[in-house]
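Residues per chain are reported as follows:
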Amino acid sequence: MAILKENKSNKDNEMFSQTDIPICRVDIFEVFCHVTNGRELPFNERQQVNMNGSFFLKDVTRETDEGTYTCTAVNKQKERAQKDLHIRVMKKPRINPFAFPKLLAEGNHVIVTCSVLTGDPPITIRWLKDGMTLNKKMLNIDESSMGHLGSALVFNSVGRSHNGNYTCLAENAAGESNFTATMLVNGKLL
């Protein structure tokens, strides 16, 4: 099975927008491929079958490209080699933007939630503060996991040490997404 990363004209996925999967290796005279439904490839400009036994898919999407592909190579002696390949197209996570309250005073309680809008599990979620791994213990922050759907940070009592940029990173086999929000804690309210 090959796992490909979906690309919908997203620059982040550009390096994954095509794949070269060697299907058959023989002294090749003719190569032909088809999808499970028997439709011969290529049937559009995003697909290319090469005489060396490789097959290219460009701008991969789940709806049009996921499935089983069968390629057959025939040599000059009319001997055949056939290979099936199941392609699974995965979507990278996409994070819903979040923000901290604008007017925070020392001692306030705050919960901020990073939720994943789309993406195929398994998804790993982790937090950074100012570009470094978040030290929850040192800052007295609790984290509540929602599995592959998200994560929440719970601040029982914010202080100036909490000031900074908090980044939520969500990652799966198809890629990574992140979102950053700034927390600014002012002095104590009188």
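Residues numbered from 1 in each chain as written. Predicted model: local features only at pLDDT ≥ 70, side-chain atom pairs only at ≥ 80, totals over all residues. Heavy atoms only, no water.

- Looking at an unreviewed UniProt entry, one finds the chain named Down syndrome cell adhesion molecule-like protein 1 and attributed to Caerostris darwini.

Focus on the overall build of the chain
- Check the secondary structure of the chain and you find two helices and 18 strands.
- Counting every position in the chain, which comprises 190 residues, the buried fraction comes to 43%.
- In the chain, the share of contacts with a sequence separation of at least 24, taken over all contacts with a separation of at least 6, comes to 63%.
- Accessible surface, the chain: about 11100 Å² in total, of which carbon and sulfur atoms supply 50%. (Helix = DSSP H or I, 4+ residues; strand = E, 2+ residues; numbered from the N terminus. Buried < 20%, exposed > 50% of the residue type's maximum accessible area, 1.4 Å probe, protein only. Contact = heavy atoms within 4.5 Å. Areas by Shrake-Rupley, 256 points an atom, 1.4 Å probe, with all protein chains shown as cover.)

Some remarks on the packing of aromatic side chains
- Applying the stated criterion across every chain, the model contains five aromatic pairs.
- Centroid distance Phe100 to Tyr166: 5.3 Å. Interplanar angle 55°. Geometry classified as tilted. Residue Phe100 is found in the loop between strand E9 (94-96) and strand E10 (104-105), and its partner Tyr166 is found in strand E16 (residues 164-172); the two are separated by 66 residues along the sequence. Note on accessibility: Phe100 and Tyr166 belong to one class, buried. (Phe/Tyr/Trp six-rings, centres within 6.5 Å; stacked < 30°, edge-to-face > 60°.)

Digging into the state of the cysteines
- All told, the structure shown has one disulfide when counted by the stated rule.
- The disulfide partner of Cys114 is Cys168, and the S-S distance across this bridge is 2.0 Å. Its S-S torsion of about -75° marks the bond between Cys114 and Cys168 as left-handed, since a negative value means left-handed. Of this pair, Cys114 sits in strand E11 (residues 110-118) while Cys168 sits in strand E16, placing them 54 residues apart in sequence.
- By relative accessible area, Cys114 is classed as buried at 0%. (Disulfide = S-S within 2.5 Å.)

Regarding unusual backbone geometry
- Of note, the bond from Pro121 into Pro122 is cis; its omega dihedral lies within 30 degrees of zero at 0°.
- Here Pro122 is to be found in the loop between E11 and strand E12 (124-129).
- Not every positive phi belongs to a glycine, and Lys78 is a case in point at roughly 65°.
- By the secondary structure assignment, Lys78 is in the loop between strand E7 (67-74) and strand E8 (80-90).
- Residue Lys78 is classed as exposed on the basis of its relative accessible area of 62%.
- Even without being a glycine, Asn140 presents a positive backbone phi close to 55°.
- Structurally, the position occupied by Asn140 is in the loop between helix H2 (136-139) and strand E14 (141-145).

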